[in-house]
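Chain by chain, the residues run as shown.
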Amino acid sequence: MPLSVSRTLLFLAALSARTYGVELTSLVNLFIGTASGANGGSGGNAFPGAAIPHAMAKVGIDVNTAPRQAGYIHDNSSITGISLMHDEGTGGNTDGGYGIFPLFPLTGCSFTTCPVDINVRAALRAAGTDAATPGYFTTTFVNNIKLETTSTRRSGLIRFTYPTEGPNHVVIDLTNDLGRSFSGGSLSVSADGRVKLGGTFLQSYGPANYTVFACYDFAAPKTVSAQTITEFGTFQSTKLTTPNTITITPNSTALNFPFTASVSPEQAGALIQFTKSQTVIARFGVSFHDPDTACANAEAEVPDWDFDAVMGASAAAWEDVLSRVTVDTAAEDATVVELLYSSLYRASLVPANLTGENPYWESSFPFYDAFFCSWDTFRTVHPLLSLLSPREWSEIISAYVDGWRNTGFIPECRSNTKPGYVQGGDDGMVPLGDFAVKYGSHAAELGVPIDDLYEALVQTAENTAPDWLTVGRQNTAWITFGYIPTDWVDPSGAVGLPTREASRNAEYALGDFAVRQAAIALNKSPGDVVTYSNRSMNFVNMWDPNVTSDGFSGFLQRRAQNGTFLFSPVDACSPVDPVSHSCARGTDNDVGFYESSSWEYSFFMPQSMATVIGLMGGPDTFIQRLDNYFEKRYFAAGNEPGFEVPWTYHYANRPDLTAMRVRNVVYTNFGTGIGGIPGNDDSGAMASLLTFHMLGMYPVPASKQLLVGSPFVSAYTLRNDFLGTSTSFSVIGFDKTTLQATPPAGARVFVKSITVNGKPSASLCWLDFDDVVGGGSIEIEVYGDATAAAAAGCGDGPSALPDSLETGGFPFPA
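Residues numbered from 1 in each chain as written. Predicted model: local features only at pLDDT ≥ 70, side-chain atom pairs only at ≥ 80, totals over all residues. Heavy atoms only, no water.

The protein is annotated in an unreviewed UniProt entry as Glycosyl hydrolase family 92-domain-containing protein from Mycena pura.

Below, the structure is given as structure tokens:
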């Protein structure tokens, strides 16, 4: 009897682990990127707590020092609690988002005098006690209370082990989220140990408040814990003018604080006492509907309170995700293996699957959150999901489309269920175009309404949102001028944040390229193809050929509505900017670029790099300019606009230079330590980028082309969870001496030949998506002859160079 698809995939996952004799979850280092971002630190803001892939619940400890975007910092900061939801790798509010309804264990106090105040109760961790594996986190306080947690999608378990039988206590904090942004809520506590909570807080990246609910149960089955509740009650600030003066009221069963437009300093929550209970376990559930739904989620997902079973199920879910890329872990470089699987882990933490928890509209489609932000994730996260996890990816894409269906615009940066701030353009357009190109023919089977997807793209490309601060684009200007003019007032009355004009111009052009690609893939109107092909090239309208830097001419610049260019220093907001400029999303950004410099953004036109090379003076000058960009340290490894730049030597027919540059970028900027990410992980964007670098590929947005280079392993297999295919990659002549920032002369780092299922590839510079996911075998032969590699370039065929619109690339299918 044949195995079902799902059973087959689980079998393959188990087989891969047995084949190489190791559980892949054991190779994941959850603490990479957890160094503090204070005082110039790397600040990866990675989340090292308990979660399953794309979970709504992300359970972990919170510290009392900022920046703490994910709640956790790997230093000696005191813990203020363990809370139920967190962001992963984001910027935004430096105090962090979520961190809702934290628990805190107390011992050695009497009920009415226990230190429930968040600042008084905060305690240090014992040195070296933080530990985590996928689906599990533990640490121990200096007073020897041990904390452990594991979780499901919307629920989980938190366990405290105290040094004595008590009396011991647990604080259930209603008001102190990470951002200290409480604006109202309520709590009820019953004698049988059920605590229901609801609170309104400020989203971590955006202007709105959100409301969330939780349910805690402390009446564990006796087979799980002998814990007995001997006292319970509530606590709250005596008065708001002195919120740290707190009254604990025994037997009190409810608190209610009406919504206030401003943040409340209130401290409030519940306190429960246990005696003769050295171990206390709490079951929790979360919901965006109401506390009863939160309780129901807990009952459905953790019915037996079995900690080991929940932890095992979480580990199995992660094993399945990680096994979609398999290598011989014993044969490969140990650091590369650790980086690879740790990156694959972080790349699947978000977006968060909130299906069934949409608080705004009824829908049969999935609901995902933490699109935080599409500008960060369209370059690498979505393309990685398209290779390995199209089932999950199709749900995420459906959620984007459903957001358009119910709001009129594709969500760009939805966080905490609310629209966040638009960063670049409406960069949610790119993943939709990418899906149409790669899986449009499978859309029905994957549950994606493909006609709605295309309509969402067109309407987002054509319509201007009344307030494009949080959704949409400044399309009236874009369509009127063919660029984004500075200081232009829209006569329609639509408003937004009118900064970042030059970088938004580049992003809008790429968004229109995504529409163009979708139109071709879905056989839409030829007129649409022409319209969006033309708009895809509008980046040239903000190219000022007269600006020079370091002897190179031509850079993106701002432009007035009369066509006059407005000069901004091209090194502004680069790592070596001699003046303090603002390139953030704010009203003080007067240079025209977002989180990057003109030096960097002037390379960002992946739909027509041949045009860029021409504007810069031809391939030789382009290569010299790239070298200068890296040597002068204009490259910002932690910023998304620079992700593809190390690979752009390909377009000048020099993949040999890409191979050397990518090695340098990885070994200079990434590592296995707590500072091992060069900036925010950005919802897995950096993790996905590193994965692509190590696999020897880089995706071209909204296309089926993947730039190909020299992998960091001798062989690997990609498994596609929808197609049921496994594609094996072998690196003939693989050379471990290349695994360093500057490979020695003669090291075999250059691609000599590529064969796909035994047939020579048309290019040494790119592979087709269908070949990469199609099953079979791909062989990449490498060698160390730098002179020969430079002469060979991408090969001799007419399709050797990667595509560019200007030279007829990305053509209509035959």
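Next comes the rest of the write-up.
To continue, consider the overall build of the protein. When its secondary structure is counted, the protein shows 21 helices and 31 strands. Computed over its C-alpha atoms, the radius of gyration of the protein comes to 27 Å, within 12% of the 28 Å expected for a compact globule of 814 residues. Overall, the protein is about 80 × 65 × 50 Å in size when its C-alpha atoms are taken along their principal axes. Taken across its 814 residues, the protein has 63% of its residues classed as buried. Residue pairs at least 24 apart in sequence account for 70% of intrachain contacts in the protein once pairs closer than 6 positions are excluded. Distance from the positive charge centre (46 side chains) to the negative charge centre (79 side chains) of the protein: 2 Å. (Helix = DSSP H or I, 4+ residues; strand = E, 2+ residues; numbered from the N terminus. Rg over C-alpha atoms; globule rule 2.2 N^0.38 Å. Buried < 20%, exposed > 50% of the residue type's maximum accessible area, 1.4 Å probe, protein only. Contact = heavy atoms within 4.5 Å. Lys, Arg positive; Asp, Glu negative; His and termini not counted. Charge placed at Lys NZ, Arg CZ, Asp CG, Glu CD.)

Looking now at the layout of surface pockets. Where empty space is left can be seen by rolling a probe of water-molecule size over the atoms. In this structure, the largest pocket encloses a volume near 670 Å³. In this structure, the largest pocket is lined by 28 residues; those nearest its centre are Q705, D803, G809, F810 and P811. Sorting the residues of the lining of the largest pocket by element identifies α13 (501-521), α16 (609-616) and β30 (766-768) as the ones contributing at least two each. (1 Å grid on protein atoms, 1.4 Å probe; cavity = no way out; pocket = protein on both sides within 12 Å on 5 of 7 lines; lining within 4 Å. Points joined across faces, edges and corners; volume = space filled by probe spheres on them.)

Looking now at the environment of R194. Structurally, R194 can be placed in strand β10 (residues 194-202). A C-alpha to C-alpha distance of 42 Å links R194 and L339, two positions 145 residues apart in sequence. Apart from the residues within four sequence positions on either side, R194 is in contact with S188, V189, C215, Y216, D217, R283, C295 and E299. Polar contacts involving the side chain of R194 include one to the side chain of D217, which spans 2.7 Å. (Polar contact = N/O pair within 3.5 Å; in protein donor to acceptor, adjacent residues only side chain to side chain.)

Moving on, we come to the state of the cysteines. Counted under the stated rule, the structure contains five disulfides. Two residues share a disulfide in this structure: C765 and C794, whose sulfurs sit 1.9 Å from each other. Between C765 and C794, the disulfide has an S-S torsion of -75° and is therefore left-handed. Linking C765 in the loop between β29 (759-760) and β30 with C794 in the segment after α21 (786-792), this pair joins segments that are 29 residues apart in sequence. Residue C765 shares its accessibility class with C794, and that shared class is buried. When the cysteines engaged in disulfides are numbered in sequence order, the protein pairs them as 1-2, 3-4, 5-6, 7-8, 9-10. (Disulfide = S-S within 2.5 Å.)

Let us now look at unusual backbone geometry. Trans peptide bonds make up the majority, and among non-glycine residues the majority have a negative phi. With omega at 10°, the peptide bond leading from G166 into P167 counts as cis. For P167, the location among the structural elements is in the loop between β7 (155-161) and β8 (168-173). In this model, F372 is joined to C373 through a cis peptide bond whose omega is 5°. Looking at the element boundaries, C373 is found in the loop between β19 (368-369) and α6 (374-377). At N144, a residue that is not glycine, the phi angle is positive and equals roughly 75°. Looking at the element boundaries, N144 is found in the loop between β5 (136-140) and β6 (146-151). When its relative accessible area of 52% is taken as the criterion, N144 is described as exposed.

Applying the stated rule across the entire model yields 28 salt bridges. Measuring nitrogen to oxygen at the nearest pair gives 2.9 Å for the salt bridge that ties R121 to D173. Here R121, found in helix α2 (residues 118-121), pairs with D173, found in strand β8; they are 52 residues apart in sequence, far enough to count as distant. You'll find R121 and D173 in the same group, each marked buried. R324 is the salt-bridge partner of D721, the closest N and O atoms lying 3.9 Å from each other. (Salt bridge = Lys/Arg side-chain N within 4 Å of Asp/Glu carboxyl O.)

Where helix α11 (residues 450-462) meets α13, the closest approach of the two axes is 10 Å, and the angle between their N-to-C directions is 145°. For the element pair α11 and α13, the recorded crossing hand is left-handed. Along its contact with α11, which presents Y454, L457, V458 and A461, the element α13 presents D512, A514, V515, A518 and A519. Here the residues of the contact of α11 with α13 are counted per class, giving eight nonpolar, no polar and one charged. (Axes fitted to C-alpha atoms, helices over the stretch in contact; angles between N-to-C directions. Left-handed = near helix turned anticlockwise from the far one by under 90°. Nonpolar A, V, L, I, M, F, W, Y, C, P; charged D, E, K, R; others polar.)

Across the 11 residues that make up helix α9 (residues 429-439), a large majority, 11, are buried. Looking at α9, one finds that the buried residues are M429, V430, P431, L432, G433, D434, F435, A436, V437, K438 and Y439.

Next up on the list: the sheet that holds β30. With antiparallel pairing, three strands are arranged side by side in an open sheet as β24-β25-β30. Here the strands that pair on one side only, and so sit at the sheet edges, are β24 (697-699) and β30. Adjacent strand axes in the sheet meet at a mean angle of 35° when their direction is disregarded. The sheet contact formed by β24 and strand β25 (residues 705-708) spans three bridges and is antiparallel. (Pairing = 2+ DSSP bridges.)

Right, let's get into the environment of M660. Structurally, the position occupied by M660 is in helix α18 (residues 655-669). M660 has contacts with A741, P743, V749 and F750, leaving out every residue within four places of it along the chain.

Across the sheet, which stays open at both edges, the nine strands sit in the order β4-β5-β6-β7-β16-β11-β10-β9-β14 with antiparallel pairing between neighbours. Of all the strands in the sheet, the pair left with one neighbour each is β4 (131-133) and β14 (254-257). If you compare each strand with its neighbour and ignore which way they point, the axes differ by 15° on average. For β6 and β7, the ladder comprises six bridges, and the chain directions are antiparallel. Along β7, the bridge assignment pairs L147 with F160. Across the sheet, helix α3 (residues 291-301) touches β7, β10, β11 (209-217) and β16 (279-287), and the angle it forms with β16 is around 120°. Set on the sheet, helix α4 (residues 307-322) makes contact with β5, β6, β7 and β16; between it and β6 the angle comes to about 55°.

Another aspect to go through is the packing of aromatic side chains. Tallied over the entire structure, the rule returns 40 aromatic pairs. Arranged with centres 5.2 Å apart and planes meeting at 65°, the rings of F555 and W599 form a pair that is edge-to-face. Of this pair, F555 sits in strand β21 (residues 552-556) while W599 sits in helix α15 (residues 598-601), placing them 44 residues apart in sequence. Accessibility expressed as a relative area gives 0% for W599, which makes it buried. (Phe/Tyr/Trp six-rings, centres within 6.5 Å; stacked < 30°, edge-to-face > 60°.)

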